[in-house]
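Here is what each chain is made of, one letter per residue.
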Amino acid sequence: MKNYKQFLFLLVAVVSVGFVSIVFVLRWVLYFKEGLAWDGGPAEFNWHPVLIVTGFVFIQGIAILVYRLPWTWKCSKLMMKLIHAGLNILAFVFAAISVVAVFDFHNAADIPNMYSLHSWVGLAAVILYGLQIALGLCVYLVPITPGSLRAAFMPVHVYSGLLIFTSVIATALMGITEKLIFGLKNPKYKDSPPEATFVNVLGVLIMLFGALVVRIATCPSWKRPSEQLVSSQHNNKGDANRTMGGMALSTCSPTDCYDPEANCDTRKRNSKPDDPGQRSTV
Ligand code: HEM
Ligand code: HEM
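Residues numbered from 1 in each chain as written. Chains lettered and ligands numbered in written order. Predicted model: local features only at pLDDT ≥ 70, side-chain atom pairs only at ≥ 80, totals over all residues. Heavy atoms only, no water.

Draft legend 1. Molecular detail of a nonpolar patch on the surface. Among the surface-exposed residues, Trp38, Ile89, Val93, Ile97, Val100 and Leu137 lie close enough to one another that they form a single nonpolar patch of about 490 Å² accessible area. Among the elements that make up the nonpolar patch, the one with the highest residue count is helix H4 (residues 77–108) (four residues). Within the fold, Ile97 resides in helix H4. For Ile97, a relative accessible area of 38% gives the class partly exposed. (Patch = residues over 30% accessible without salt bridge, like charges linked within 9 Å, V, L, I, M, F, W, Y side chains within 5 Å. Areas by Shrake-Rupley, 256 points an atom, 1.4 Å probe, with all protein chains shown as cover. Salt bridge = Lys/Arg side-chain N within 4 Å of Asp/Glu carboxyl O. Helix = DSSP H or I, 4+ residues; strand = E, 2+ residues; numbered from the N terminus. Buried < 20%, exposed > 50% of the residue type's maximum accessible area, 1.4 Å probe, protein only.)

Here is the structure:
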């Protein structure tokens, strides 16, 4: 893998920032706010940010990155699809419960529903996410779907996946700001009480997490190699130049090349870097 050290650094950073964000959101609701309960009160509302940050932000981010982990490249593609789909479905369940919690809280307190930009963009993201899962399952897990359709749909799948993920990050930042403005009365948000500063830092961490996920997921050198290349590399396990501890799957061979940035003449002659057929997807 090209720039392996940079990849490892970004991966450690993304997981650490994600964990710290979860710790921050838990400390926010347990220490600064009313804690967690399912009773129609403010403690029920608090499930909303907790489940969003844990599920819709962190688990979704990891789901997007699983194909990029070089240690998984020896696993079958079907196994990786099941992990990717499973984590995305788990993230969807967290998001759905978090939205139920806020609706329940609004209804119990007689607060109108769906009046804010935050709620519009947020609900749209949840619905589109459900649609992305349904289409992903039909196109990539139903065995009768033709390979040509899978390849043609891949750029749309990746684009819409990243668009939904970045919208979720934006929605979370809007939600955090709204909650601080509504919740801080004495002292007010503008007076920068400790809670405001703490939760502003949470917002910065969420943004950083999103930026790192998008960076790793869009770097062409870190794509999972094609199945064909994986099996050819497995057959050449003895070749020390190609397999450095199982990590060199992306090195150019004379006949195939996974890494579009690598100096591989065959690849340059035969395909465009973003040729959907070159993706490992299908
Ligand atoms: C309300 C979705 C993140 C704070 C809502 C509502 C939805 C929603 C659909 C409307 C509920 C109703 O009308 O009864 C989302 C989604 C998020 C997200 C999809 C994922 C990114 C957050 C975060 C916070 C937050 C991290 C931080 C506390 C709020 C607040 C409301 C609310 C204060 C009530 C005011 C309003 O309706 O705008 N959210 N939310 N949200 N959310 Fe979020
Ligand atoms: C790849 C997002 C659901 C199958 C990707 C990528 C993203 C993404 C951003 C690009 C990853 C990369 O280039 O390394 C999402 C989101 C989903 C979702 C946000 C849920 C809302 C699904 C489902 C399936 C699926 C249910 C069904 C199996 C795939 C496949 C790839 C992929 C096969 C290609 C990986 C590769 O290049 O090797 N997805 N996805 N996705 N996704 Fe999804």
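Draft legend 2. Examining the coordination of the iron atom of ligand 1 more closely. With distances of 2.0 Å, the protein atoms coordinating the iron atom of ligand 1 are His48 (NE2) and His118 (NE2). Around the iron atom of ligand 1, the six donor atoms are arranged such that angles at the metal cover 86 to 179 degrees; this shape is classified as octahedral. Placement of the pair is His48 in helix H3 (residues 47–65) and His118 in helix H5 (residues 117–140), with a sequence separation of 70 residues. By relative accessible area, His118 is classed as buried at 15%. (Donors = N, O, S within 2.8 Å, 3.2 Å for Na, K, Ca; no water. Tetrahedral: all angles 85-135°; square planar, octahedral: opposite > 155°, others 65-115°.)

Draft legend 3. Examining the site of ligand 1 more closely. Residues in contact with ligand 1 amount to 24 residues; listed here are only the nearest, His48, Asn113, Met114, Ser116 and His118. Met114 places a polar main-chain atom, nitrogen or oxygen, 2.6 Å from an oxygen atom of ligand 1. One of the side-chain N or O atoms of His118 is found 2.8 Å from a nitrogen atom in ligand 1. Elements with a minimum of two residues in the shell around ligand 1: H3, H4, H5 and helix H6 (147–183). Ranked by residue count, the leading element in the shell around ligand 1 is H6, at eight residues. Grouping the constituent residues of the shell around ligand 1 by class yields 13 nonpolar, nine polar and two charged. (Near = heavy atom within 4 Å. Polar contact = N/O pair within 3.5 Å; in protein donor to acceptor, adjacent residues only side chain to side chain. Nonpolar A, V, L, I, M, F, W, Y, C, P; charged D, E, K, R; others polar.)

Draft legend 4. Representation of unusual backbone geometry. Going from Asn186 to Pro187, the amide bond is cis rather than trans, its omega being 5 degrees. Mapped onto the elements of the fold, Pro187 is located in the loop between H6 and helix H7 (194–218). The backbone of Ser192 shows a phi angle near 50 degrees, a positive value even though the residue is not glycine. The topology assignment puts Ser192 in the loop between H6 and H7.

Draft legend 5. Structural context of the packing of aromatic side chains. Using the criterion set out here, one finds 11 aromatic pairs in the structure. Measuring from ring centre to ring centre gives 5.3 Å for Phe7 and Trp222, while their planes differ by 65 degrees; the resulting arrangement is edge-to-face. Here Phe7, found in helix H1 (residues 4–32), pairs with Trp222, found in the loop between H7 and helix H8 (227–235); they are 215 residues apart in sequence, far enough to count as distant. Taken as a pair, Phe7 and Trp222 share a single burial class, namely buried. Among the aromatic residues, ring-to-ring pairing joins Phe19, Phe58, Phe165 and Phe209 into one connected group. Against the face of Tyr31 rests Arg27, its NZ or CZ located 4.1 Å from the ring centre. In this arrangement the basic side chain of Arg27 is found over the ring face of Phe198, its NZ or CZ atom lying 5.9 Å from the centre. (Phe/Tyr/Trp six-rings, centres within 6.5 Å; stacked < 30°, edge-to-face > 60°. Lys NZ or Arg CZ within 6 Å of the ring centre and 35° of its normal.)

Draft legend 6. The arrangement of the environment of Trp28 in detail. Along the chain, the position of Trp28 falls in helix H1. Classification of Trp28 by relative accessible area gives buried; the value is 3%. For the pair formed by Trp28 and Pro49, sequence separation is 21 residues and the distance between their alpha carbons is 9.6 Å. With residues up to four places along the chain from it excluded, the contact list for Trp28 reads Lys33, Pro49, Lys179, Leu180, Glu195, Phe198, Val199 and Leu202. (Contact = heavy atoms within 4.5 Å.)

Draft legend 7. Just the packing of H1 against H3, in detail. Interhelical geometry of H1 versus H3 gives an angle of 170 degrees and a closest axis separation of 9 Å. As summarised for this structure, H1 and H3 are arranged roughly antiparallel, according to the angle between their axes. Note on element contacts: H3 touches H1 through Pro49, Val50, Val53, Thr54, Phe58, Ile62 and Leu65, opposite Val14, Val15, Gly18, Phe19, Ser21, Ile22, Val25, Leu26, Trp28 and Val29. (Axes fitted to C-alpha atoms, helices over the stretch in contact; angles between N-to-C directions. Parallel < 35°, antiparallel > 145°, perpendicular 65-115°, else oblique.)

Draft legend 8. Structural detail: the UniProt feature "transmembrane region" (unreviewed entry) in the protein. Per the UniProt record, "transmembrane region" (unreviewed entry) is found at residues 7–30, 50–70, 82–103, 123–144, 156–176 and 196–217. The distance from the first to the last C-alpha atom of residues 196–217 is 32 Å, and the span holds 100% helix and 0% strand. (UniProt positions renumbered as here; feature names shortened; annotations may be inferred.)

Draft legend 9. The arrangement of H4 in detail. In a regular helix each residue adds 1.5 Å, so 32 residues correspond to 46 Å; H4 covers 47 Å between its end C-alpha atoms and thus fits that length. Residue Asp110 follows H4 closely and has a positive phi angle near 60 degrees. (Expected span 1.5 Å × (residues − 1).)

Draft legend 10. Structural detail: the environment of Leu69. One can find Leu69 in the loop between H3 and H4. Taking the relative accessible area as the measure of exposure, Leu69 reaches 19% and is therefore buried. C-alpha of Leu69 to C-alpha of Phe7: the two residues are 62 residues apart in sequence and 9.3 Å apart in space. Sequence-distant contacts of Leu69, defined by excluding residues within four places in its chain, comprise Phe7 and Leu11.

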